[in-house]
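Survey of secondary and tertiary structure
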Amino acid sequence: MRRVAVIGVGITEFGELWDSSFRKLGIGAGMSAVSDAKISADQIEALFVGNMSAGRFIRQEHVAALIADYSGIARDHIPATRVEAAGASGGIALRQGFMAVASGLHDIVVVGGAEKMTDVSDIESSMIQSSAADQEWETELGATFPGLHALMATRHMHDYGTTREQLADVAVKNHRHGALNPKAQFRREINRDVVLRSPMVASPLRIFDCAPSSDGAATVVLCPLDMAKEFTDSPVEIVGSGQASDSLGLHHRKDICTMGATRAATERAFKMAGLSQKDVDVAEVHDNFTISEIIAIEDLGFFPKGEGGKATEEGLTSFDGDVVVNTSGGLKARGDPIGATGVAQAVEIVSQLRGTADKRQVKDAEVGLTQNIGGTGATAVVHLFRRV
Amino acid sequence: MATAPRFWRENPSRYNMVGFKCNSCGKFYFPPRIICPLCHRKSVGKTEPVKMKGTGAIFSFTEIHEGMDEHNVQKPYIVAMVELDEGVKVTGQVIDCDVCDLSIGTRVRATLRKLSEEGSAGVIHYGYKFVPVRENGERPGDE
Amino acid sequence: MKGVGIVSYGAYVPHFRIVPDEIGKVWGVDGKAMGKGLMISSKSVPAPDEDTITISVEAARNMMSRCDVDPKDIGALYVGSESHPYAVKPSGAIVAEAIEAAPDLTVADFEFACKAGTAAMQACMGLVGAGMVKYAVAIGADTSQGAPGDALEYSASAGGAAFLIGAEKVIATIDDTYSYTTDTPDFWRREGQLYPRHGGRFTGEPAYFKHVISGGKMLLERTGMSPEDYTYAVFHQPNGKFPTRAAKQLGFSAEQIKASLLVPQIGNTYSGAVPLGLAAILDEAKPGDRIFAVAYGSGAGSDAFDITVTDEMATFKREAAPTLNELMANPKYLDYATYAKFKGVIAKERD
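Residues numbered from 1 in each chain as written. Chains lettered and ligands numbered in written order. Predicted model: local features only at pLDDT ≥ 70, side-chain atom pairs only at ≥ 80, totals over all residues. Heavy atoms only, no water.

Residue and element names in this part refer to chain B. Partitioning chain B into structural domains gives domain 1 (17–51) and domain 2 (55–132). A straight line from the C-alpha centre of domain 1 to that of domain 2 covers 25 Å. Facing five residues of domain 1, the contacting portion of domain 2 comprises eight residues. For the domain 1 and domain 2 pair, buried surface summed over both sides reaches about 490 Å², with 81% attributable to carbon and sulfur atoms. When residues of domain 1 are sorted by the area they lose upon contact with domain 2, Met17, Phe28 and Phe30 head the list and together hold 92% of the total. Across the contact surface, domain 1 and domain 2 share zero salt bridges. Joining domain 1 to domain 2, the criterion identifies zero residue pairs in polar contact (both at pLDDT 80 or more). (Domains from an automatic or database assignment. Contact = heavy atoms within 4.5 Å. Buried area = accessible area lost by both parts, 1.4 Å probe. Salt bridge = Lys/Arg side-chain N within 4 Å of Asp/Glu carboxyl O. Polar contact = N/O pair within 3.5 Å; in protein donor to acceptor, adjacent residues only side chain to side chain.)

Another aspect to go through is the domain arrangement of chain C. Residue and element names in this part refer to chain C. Domain assignment breaks chain C into domain 1 (5–171 + 321–342) and domain 2 (174–313). When each unit is reduced to the centre of its C-alpha atoms, the spacing between domain 1 and domain 2 is 16 Å. On the side of domain 2, 51 residues touch domain 1, which itself brings 56 residues to the contact. Interface area for domain 1 against domain 2, summed over the two sides, is near 4100 Å², with a carbon-plus-sulfur share of 65%.

For the rest of this paragraph, the subject is the interface of chain B and chain A. Contact with chain B, which involves 32 residues of that partner, is made by 30 residues of chain A. When chain B packs against chain A, the two sides together hide about 2900 Å² of surface, and 62% of this comes from carbon and sulfur. For the pair chain B and chain A, the number of links is two salt bridges. Among the salt bridges present, the one from Arg6(B) reaches Glu140(A), with a minimum N-O distance of 2.9 Å. For the pair chain B and chain A, the interface holds 14 residue pairs in polar contact (both at pLDDT 80 or more). Elements represented by at least two residues in the side of chain B that touches chain A include exactly helix 1 (4–8), helix 2 (11–16), strand 4 (55–64), strand 5 (77–84) and strand 6 (89–94) of chain B. Broken down by element, the residue count for the side of chain B that touches chain A peaks at six residues, all from strand 4 of chain B. A class-by-class count of the residues in the side of chain B that touches chain A yields 15 nonpolar, nine polar and eight charged. (Helix = DSSP H or I, 4+ residues; strand = E, 2+ residues; numbered from the N terminus. Nonpolar A, V, L, I, M, F, W, Y, C, P; charged D, E, K, R; others polar.)

Structure below.
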């Protein structure tokens, strides 16, 4: 297996981008990554696109071909593949690109992720997001996507004494981080009261416990590590990649406060990298809801089960903490254009490890991690990155 | 939009909570599966449809304030994960009660209600929802 | 008909109520006085996810849980209602699936205004008596409609009861039945119309009273019984006044109809009314008790029944399902706005 490096990253602004179409977003992120990698279009050998539901959001399937076409790389007839794993689509696309390079099949691979969510109504958007859960046995029985996470939160509070305030602290921290990120959807700080007084979505989760609907795209360019220096002085190596699955329905998990898929993917990624949790300086985790970040930092092994809320409250996941979580603002503040999210996480970690994260730079960051989730944890993908 | 046959084929499970029992390991599953995820090929030919009693206890619950269109009239409405007495967990609405009547462990039983309808002219979908019960079968709050 | 009767029964009443005063406030009517006149202190309101089918299923499941009859031995199932959710597609087929009686049975939906449920009972008696089926299920259930602001809005409610008719282990024999039918336009609903129309005071003497009294008198004549021979009586109850007056005219006492007079608490359940009243009687009846029942349906007709509770009642698993008193206990009262939303009178536009 060849060692793989990221040699270029690109990301659009995230938010309600009324004048941007899906293809404009995808091409925008792609062009900035390709220019960052200092490669030319004809060097690209393969394209992977993470996208959850263009068919329902913009009534367009076949989006990998669309992106290849409008990027101007289709004339070379390169393989272009769409990857779908709900919220983990971007992370899994990255893993597909990683495997294509690691295997020796391709040298230069572009991995993009994109979602255009605001061309449908809020209700329609919620319905599309809920299709990541078990449509026939959860959603159609009345469960919404926030509702399923509320079930986790209710149980986490019951089993571990996690408090409503600790959930709020996740949102407060991620907004604080997002305020430092010029690409973030929400660039303003909030306090606990804002979260606790915001409208209820699914008790105990309020609107400020939920990531927004967003438009956006992100791209990374991969190549074999031994070629990386031809393109950049600051390559970042993908040292571990783990993917795992679990039951589609939340109700089939033995424990709804633990995402078994995150645990398995984490173990696989660390094993491949030969690293452990204490080596990680910065992490982008899948905080589509505040409870998700608490569960994530436990399942990733940063904190013991049940102590994620307390760790957040004590500031252990912010700057000067044990591991800085979601410097980008996370899904909560940076935004969550579903298919783009997993790739955007990689973009953030690469920026951190390159030392180009500006005001939100984690000092001397050397090892970073991304955790990207599909549905209520039916898919998890974890990547480990190291500064070269 | 859902179509009639897609719902119709699940009627036994939607109406009567017909699940699946693996006679290789003895475990119950709901909804029915094709094979037992524990016994794999060993379960082939050794599974049977089994009707859940429909009684159980709330494992977790939430009151939903932002829901789908079809639930507008009921908002806010309660959704729970229920651990059935067969040891299987299922998700469904809890009705005819207030969220303050409920806690983790509250006993419930399944009943049949309208789940959704395909507009005013389309097919109506029926399925299980849960109502709280006390041990004697009465509703909570009954004296 | 010898030996044919009720093997089991089950009832259902929705959890929600509204009081006449709350309705009157909206329409500038003295609702309290209206309620007093109708002898209705509250009426049941179906939840937005309830309809005649879900009410029928709940009643039928309560019925099945009180007996050991194999649902596969049910040869016929009829649902009587004037609020079948589908104009075309049988309510009964869904009920039959829900109690696992399908597919080896005959099913049809009945409609005869408020007496469709008792008409279904008669059909079941015939099939069982003729030996065509071992067991048959008759259900009377409604989520009745009263137009906003109409007098019916103070009474039109929801509920239903199911009866398992058979010839073995019957808890009550149905010794005789008689029906009286004429063409009388006192109340109707045209195809495609949301709400029924009625003839106001015409619904009284020439309609309800003529048919209930004629049907009741004829049954007494046929059976040679007199009112005092009965422990209980139940009459169709569109309000509290009508059955009270009809009972008196036929010679029944207030005490005899007390157990079955549910209308003050739950309103007019239409096709559910006599079936629910009968269920309330069976909730407390003892072996040997005699029951006199007259249902009324607009349009118009009456079905009268002479019923005797058997010794089987002593060992009947009545406690396996809730009684009417339990079903009616601790309701939740709605304000008019919520009621209007539940009834679909006001609706949020869908995206």
